[in-house]
Amino acid sequence: MAGKSFHFNGVQAVLTDIGIPSGQANMIATASQAVDDFKEDKLIVFDDGRLFYPIVTAHEHLDPDNIDSRDASNIWMPFHFFPDDDGVCRPETDNVNALIKFVGRQIKAPDCSETKKNILVGILLHILVDTYTHEGFMGLYCRHNDISDLDSKNEFDLGVLANVLPAIGHGEALTYPDDMWRTWSYTDAQDKNVARNNQKVFLTAIRQIPRILGQLGIDAGQIDDEKAAKYKAILAKEKGHGDDFDAISRTANPAADLSYKHWKELTLRPVHSKENKYIKLNPGKFEQSEWYLFQESAKEVRTFFKKKIFPKLIVRTKIY
């Protein structure tokens, strides 16, 4: 997971930089970050007695459910390690293109509201950015992710600590794949040395965002060399990424609200109760709320994955 500073602030900056209106960019970026934040797995009870199971698109880092392979098809593969046919996460594959086409069909449907359209685009951008940053890893608790010799040119070697962590996704690689400034390497499960320059990886992802929008039929500008230079400067820093990205967003609209929207708080109010009970703040428009539409959009993406991508995967590794 590339972190909020990129999935939210960075995506918002790129979108505004290529001409997407600031309000729309903020909603898309909020949906992008929400993929990392929708972790609640408790049954919700509404004050009118109706029940609701919220979708889960991520877990906390130390959640024991992370090592449950059943989560692979529900969470890690569809949303964070979108796989090639061998189960390994890679960008720009036929499976990735199939996902882009699916989202394109969804947002062009007559009954797809502008809000849902933006949310679907945000979810897609999160998934696609992760295909670049998580390339080479697999959304399973498996031997393939059992790496060694983890090393970074930016700080001391943490390889010993890494091997204590479970081999789910890039767990043994710590946060290295998601640190924008980092240059690092490791030895994979096939004893091959893999070297990564994250600045180049993230810049590639940034340049791909306009292309992806174009495939979806959304008009946008490009990240030319002048714009790319701004992002290179930000990616080279170890701190302050969110503020630096926001500065780019504000050049397009100095008065824009760039804050991350906590959709659940805007939609539901908790009731003091032994149950996980909530009151709908606007019952008549509940199903038009961003919080609800994120649930519906994420379910559609997951269903597409489980029906069209997951059944054809052939994984040749030991699954723990």
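Everything numeric here is computed off the predicted structure, so don't read it as measured data.

Visitor: Any chance you could explain the pairing of strand E5 (residues 193–197) here in plain terms?
Guide: The side chains of a regular strand alternate between the sheet's two faces. The sheet contact formed by strand E4 (residues 183–187) and E5 spans 5 bridges and is antiparallel. Residue pairing for E5: Trp 184 is matched across the bridge by Arg 196. The antiparallel hairpin formed by E4 and E5 contains 5 residues in its connecting segment, where Asp 191 sits at a positive phi of about 65 degrees.

Visitor: Whenever I open this one, the side chain of His 7 confuses me. Can you help?
Guide: Checked against the element boundaries, His 7 lands in helix H1 (residues 4–17). The exposure class of His 7 is buried, given its relative accessible area of 0%. Of the polar contacts made by the side chain of His 7, one reaches the side chain of Asp 130; its length is 3.1 Å.

Visitor: How should I be thinking about the packing of H1 against helix H2 (residues 22–37) in this particular structure?
Guide: The relative placement of two packed helices comes down to the angle between their axes together with the axis-to-axis distance. Contact pair H1 / H2: the axes reach a minimum separation of 8 Å and the direction vectors enclose 155 degrees. Here H1 is positioned roughly antiparallel relative to H2, judged by the angle of their axes. Crossing geometry of H1 relative to H2 is assigned as right-handed. Where H1 abuts H2, its residues Lys 4, His 7, Phe 8, Val 11, Gln 12, Leu 15 and Thr 16 lie against Ser 22, Ala 25, Asn 26, Ile 28, Ala 29, Thr 30, Ser 32, Gln 33 and Asp 36. Along the lines of polarity and charge, the residues of the contact of H1 with H2 split into 6 nonpolar, 8 polar and 2 charged.

Visitor: Even after reading the chapter, I still don't get the packing of aromatic side chains, so can you show me in this structure?
Guide: Here the distance between the centres and the angle between the planes together describe a pair of aromatic rings. Scanning the entire structure with this criterion turns up 20 aromatic pairs. Ring centres of Phe 52 and Trp 291 lie 5.4 Å apart, and the angle between their planes is 40 degrees; this geometry places the pair in the tilted category. In this pair, Phe 52 sits in strand E2 (residues 51–52) while Trp 291 sits in helix H11 (residues 290–309), placing the two residues 239 residues apart along the sequence. Classification of Trp 291 as buried rests on a relative accessible area of 2%. Taking the centre distance of 5.4 Å and the plane angle of 20 degrees together, the rings of Trp 184 and Tyr 186 count as stacked. No difference in accessibility class separates Trp 184 from Tyr 186, as the two residues are buried. One aromatic cluster in this structure is built from Phe 46, Phe 52, Phe 286, Trp 291 and Tyr 292.

Visitor: Even after reading the chapter, I still don't get the packing of helix H5 (residues 114–133) against H11, so can you show me in this structure?
Guide: One way to put it is that H5 packs onto H11 with a least axis distance of 9 Å and a crossing angle of 55 degrees. In terms of axis orientation, H5 runs oblique to H11. Classified by chirality, the crossing of H11 by H5 is right-handed. Here Thr 115, Lys 116, Ile 119, Leu 120, Ile 123 and Ile 127 of H5 come into contact with H11, specifically with Glu 290, Leu 293, Phe 294, Ser 297, Ala 298, Glu 300 and Val 301.

Visitor: Explain the environment of Asp 85 to me, please; I cannot follow it from the model alone.
Guide: One can find Asp 85 in the loop between helix H3 (72–79) and helix H4 (94–107). Linking Asp 85 and Ile 309, residues 224 residues apart in sequence, is a C-alpha distance of 7.9 Å.

Visitor: Can you help me understand the sheet that holds strand E6 (residues 268–270) in this one?
Guide: Across a sheet, paired strands are connected by hydrogen bonds in the backbone, their directions being either parallel or antiparallel. Strand order across the open sheet formed by 4 strands is E2-E1-E7-E6, with mixed pairing between neighbours. In this open sheet, the two edge strands, each paired with only one partner strand, are E2 and E6.

Visitor: Would you take a moment to explain a nonpolar patch on the surface for this structure?
Guide: Taken together, the side chains of Leu 43, Leu 51 and Tyr 53 make up a nonpolar region of the molecular surface, amounting to roughly 330 Å² of accessible area. Turning to its location among the elements, Leu 43 is positioned in the loop between H2 and strand E1 (44–46). We classify Leu 43 as partly exposed; its relative accessible area is 31%.

The rules behind each value
Residues numbered from 1 in each chain as written. Predicted model: local features only at pLDDT ≥ 70, side-chain atom pairs only at ≥ 80, totals over all residues. Heavy atoms only, no water. Pairing = 2+ DSSP bridges. Helix = DSSP H or I, 4+ residues; strand = E, 2+ residues; numbered from the N terminus. Buried < 20%, exposed > 50% of the residue type's maximum accessible area, 1.4 Å probe, protein only. Polar contact = N/O pair within 3.5 Å; in protein donor to acceptor, adjacent residues only side chain to side chain. Axes fitted to C-alpha atoms, helices over the stretch in contact; angles between N-to-C directions. Parallel < 35°, antiparallel > 145°, perpendicular 65-115°, else oblique. Left-handed = near helix turned anticlockwise from the far one by under 90°. Contact = heavy atoms within 4.5 Å. Nonpolar A, V, L, I, M, F, W, Y, C, P; charged D, E, K, R; others polar. Phe/Tyr/Trp six-rings, centres within 6.5 Å; stacked < 30°, edge-to-face > 60°. Patch = residues over 30% accessible without salt bridge, like charges linked within 9 Å, V, L, I, M, F, W, Y side chains within 5 Å. Areas by Shrake-Rupley, 256 points an atom, 1.4 Å probe, with all protein chains shown as cover. Salt bridge = Lys/Arg side-chain N within 4 Å of Asp/Glu carboxyl O.

Bear in mind that shape data such as this cannot, by itself, settle questions of function.
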